[in-house]
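# Fold and geometry: a report
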Amino acid sequence: MASSLTKDAAGNPGSQKTFFGHPRGLATLFLTEMWERFSYYGMRALLPLYLVAPAGLGLDVPTATAITSLYMALVYLLALPGGWFGDRYWGPRKTVAIAAGIVMAGHLSLALPGTVMFYFGLLLVALGSGLLKANISTMVGHLYDGPNDPRRDGGFTVFYMGINIGAFVAPLVIGTVGQNVGWHWGFGLAALGMGLGLLQFLAFGRDLSPRSSQVPKPLTASERTAVLRKGLIWLLIAAVFYGIVGVSGSFTLSWVTIPLIILGLVIPIAVLARMKRDKELTGAEQSKLTAYLWFFAAAAIFWMIYDQGATTLALFADGKVDNQVLGWEFPVSWFQSVNPVLVMALAPVFAWIWLYLNRKGKEPSTIAKFAGGLMLVGISFFVFLLPLTDSSGGALVSPWWLVVIYFFQTTAELMLSPVGLSVTTKMAPAKYASQMMGVWFLAVTAGDSVTGLLSEAGVDLNRTGVVALEAVLAFLAGVAIFMYRRKVKTLMGEIH
């Protein structure tokens, strides 16, 4: 949908023609993110099933849950250094291009047989996705005229649709090939998807804002030397430590997973604490950062439950859910397409509702939306208790139970996630522009790390008591945040 417009004051490219009423560069970023999510969600749909399958790695369910949770946590943990590279070294645009190449190389490694290549590929995909995520979201923000541009929230909603188109198609294509043809063929298809995304990003980069090619705060020569020195020191420490563990004969996979999971909990706290201690920030920026802590805590609890759709719920479906329709058996990985198709169906409805309420002066505040999202994701696990109980005797339960659970999680996601992306770009201190997107993704890291740590500790996440406890935690957290909404609004200042 293109129309003629005059160029804005900033001279952003793509402002003469629009993409559904938004700057044309949004189409380029939309497609890049769509193909990256195609590769990521296809991999995510196959991963836990491959880990437990006899023809895969043949691991037990807790270990498979821990590895999958750690993989998802690392993707979002590495978004922070990804934002740092965008801010200090390459600029967002160059970082995204390099990241896409790394993701493609990772999936090609996964397509090769062998346990070593498998874990090496996982690491590359996590690294590339982390570099890409924070920067591409920042580039979406660059297309608009400041944080109060009325099109901004809508732009992130359109961008979010690209994520979910890729996420919907991936399990149907990659999941089917992986489960029915061969696991490694499925991983190879994910590499093809990322390759297509990289090609169109390079071909249509002219529509992006010039700001996306700039390095906001380039490293000085002394800073580069210090970063390199510290990186080599930490690499040497890790090499010596794991060398000793390996020589002693006591090395197991837990020597890798547990430290990384703990880092996933410690680093978010350390990063936020460092920002709060930064004396270069203005009083207004510090106030917004304090308000942001509430959003971060809410998001961490939300993602802890939500991302179990790819671990706890996926492994529950593999053996306890009837995956037949009229005698035809469909791949279990297809359940991972339910959430994104619901997002695509419901996102326009939610966008219309917010606009309608805004015109009436009754649109809920950001903090109220967050609270509602937490309550709804808690309700989804209350619903999960019903099929969990029914399957305890060995009977297969209806697949519609999973559809209902994903429906509640999707409505929760639409209240929290797109709004969270937007509010992060609005409330980010200028000094931490791209890095704040990395901080937002650290909430996912924290939530997934809790899931991974529980699994490593031997907790069965498919037990009714554990599911009920998580449901109560999320619901009560939503209530608590709603009760303090006025205090948070005051801290947010002019941001609404």
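Scroll up a little and you will see the structure.
Now for a quick tour of the structure. (Residues numbered from 1 in each chain as written. Predicted model: local features only at pLDDT ≥ 70, side-chain atom pairs only at ≥ 80, totals over all residues. Heavy atoms only, no water.)

What follows is about the overall build of the chain. Secondary structure summary: the chain contains 17 helices and four strands in total. Against the 2.2 N^0.38 benchmark of 23 Å for 496 residues, the chain shows a C-alpha radius of gyration of 22 Å, consistent with a compact globule. Seen through its C-alpha atoms, the chain measures out along the principal axes to roughly 65 × 55 × 45 Å. For the chain, the residues scored as buried account for 53% of the 496 residues in total. With the model as given, the accessible surface of the chain reaches about 20,900 Å², and the carbon-plus-sulfur share is 69%. (Helix = DSSP H or I, 4+ residues; strand = E, 2+ residues; numbered from the N terminus. Rg over C-alpha atoms; globule rule 2.2 N^0.38 Å. Buried < 20%, exposed > 50% of the residue type's maximum accessible area, 1.4 Å probe, protein only. Areas by Shrake-Rupley, 256 points an atom, 1.4 Å probe, with all protein chains shown as cover.)

Enumeration according to the criterion identifies two cavities of 30 Å³ or more in this entry. Lining the largest cavity are 28 residues, and of these Tyr41, Tyr160, Trp303, Tyr306 and Glu413 sit closest to its centre. Among the elements of the structure, α1 (25-52), α5 (115-142), α6 (152-180), α10 (283-306), α12 (338-359), α14 (400-427) and α15 (433-456) are those that each provide at least two residues to the lining of the largest cavity. Its residues assigned to classes, the lining of the largest cavity comprises 15 nonpolar, seven polar and six charged. Put simply, the second largest cavity is a space of about 50 Å³. Those elements that provide at least two residues to the lining of the second largest cavity are α1 and α11 (312-320). Classifying every residue of the lining of the second largest cavity by side-chain character gives six nonpolar, two polar and no charged. (1 Å grid on protein atoms, 1.4 Å probe; cavity = no way out; pocket = protein on both sides within 12 Å on 5 of 7 lines; lining within 4 Å. Points joined across faces, edges and corners; volume = space filled by probe spheres on them. Nonpolar A, V, L, I, M, F, W, Y, C, P; charged D, E, K, R; others polar.)

For the pair helix α3 (residues 79-88) and α5, interaxial distance at closest approach is 7 Å and the crossing angle is 60 degrees. Considering the angle they form, α3 stands oblique to α5. Remark: the crossing between α3 and α5 carries right-handed chirality. Between α3 and α5, the residues in contact are Ala79, Gly82, Gly83, Phe85 and Gly86 and Gly130, Leu131, Ala134 and Asn135, respectively. (Axes fitted to C-alpha atoms, helices over the stretch in contact; angles between N-to-C directions. Parallel < 35°, antiparallel > 145°, perpendicular 65-115°, else oblique. Left-handed = near helix turned anticlockwise from the far one by under 90°. Contact = heavy atoms within 4.5 Å.)

As for its position among the elements, leucine 122 is in helix α5. Every residue in contact with leucine 122, bar those within four places of it in the chain, is listed here: Met43, Leu47, Tyr71 and Leu110.

Mapped onto the elements of the fold, isoleucine 261 is located in helix α9 (residues 254-276). With 26 residues separating them along the chain, isoleucine 261 and leucine 235 place their C-alpha atoms 18 Å apart.

This part covers the pattern of salt bridges. Applying the stated rule across the entire model yields four salt bridges. Here arginine 37 makes a salt bridge to glutamate 36, at a shortest N to O gap of 2.6 Å. Residue classification places arginine 37 among the buried positions, given a relative accessible area of 1%. Where aspartate 307 meets arginine 44, a salt bridge forms, and the shortest distance between an N and an O atom there is 3.4 Å. Residue aspartate 307 is found in the loop between α10 and α11, and its partner arginine 44 is found in helix α1; the two are separated by 263 residues along the sequence. Assessed through its relative accessible area of 9%, arginine 44 is described here as buried. (Salt bridge = Lys/Arg side-chain N within 4 Å of Asp/Glu carboxyl O.)

What follows deals with the packing of aromatic side chains. A ring pair, where both rings are aromatic, is described by two values, the distance of the centres and the angle of the planes. Considering all chains together, one arrives at 29 aromatic pairs under this definition. On the numbers, 6.2 Å between centres and 70 degrees between planes, the contact of phenylalanine 370 with tryptophan 440 is edge-to-face. Of this pair, phenylalanine 370 sits in helix α13 (residues 366-390) while tryptophan 440 sits in helix α15; the two residues are 70 residues apart in sequence, bridging distant segments of the chain. Look at tryptophan 440 and you get buried, because its relative accessible area is 2%. Among the aromatic residues, those joined into a ring-pair cluster are Tyr50, Phe118, Tyr119, Trp183 and Phe187. Above the ring of tryptophan 354, the side-chain terminus of lysine 369 is found at 4.3 Å from the ring centroid. (Phe/Tyr/Trp six-rings, centres within 6.5 Å; stacked < 30°, edge-to-face > 60°. Lys NZ or Arg CZ within 6 Å of the ring centre and 35° of its normal.)

With that out of the way, let us pick up the nonpolar core. Residues Leu29, Tyr71, Phe118, Trp303, Leu402, Val439 and Trp440 are the most contacted members of the largest nonpolar core, which totals 131 residues. Considering every element that reaches this core, the biggest residue donor is α1, with 13 residues. Those residues within four positions of tryptophan 303 in sequence are excluded, and the remaining contacts are Leu416, Ser417, Trp440, Ala443, Val444 and Asp448. (Core = buried A, V, L, I, M, F, W, Y, C linked by side-chain atoms within 4.5 Å.)

When the terminal C-alpha atoms of α14 are compared, their 40 Å separation across 28 residues agrees well with the 40 Å that a helix rising 1.5 Å per residue should span. The principal kink in α14, of about 35 degrees, is found at glutamate 413. (Expected span 1.5 Å × (residues − 1). Bend = angle between axes of the 7 residues up to and from the residue.)

Among the surface-exposed residues, Ile258, Ile262, Val266 and Leu453 lie close enough to one another that they form a single nonpolar patch of about 290 Å² accessible area. Take leucine 453: it is sitting in helix α15. (Patch = residues over 30% accessible without salt bridge, like charges linked within 9 Å, V, L, I, M, F, W, Y side chains within 5 Å.)

Mapped onto the elements, phenylalanine 330 comes out in the loop between β4 (328-329) and α12. Residue phenylalanine 330 is classed as buried on the basis of its relative accessible area, which comes to 10%. With 158 residues separating them along the chain, phenylalanine 330 and leucine 172 place their C-alpha atoms 9.8 Å apart. Those residues in contact with phenylalanine 330 that sit more than four places away from it in its chain are Asn323, Gln324, Val325 and Phe335.

Packing of helix α2 (residues 61-77) against α3 brings their axes to within 5 Å, and their N-to-C directions diverge by 20 degrees. Accordingly, the angle class assigned to the pair α2 and α3 is roughly parallel. Here α2 contributes Val75, Tyr76 and Leu77 to the contact with α3, which in turn contributes Ala79, Leu80 and Pro81.

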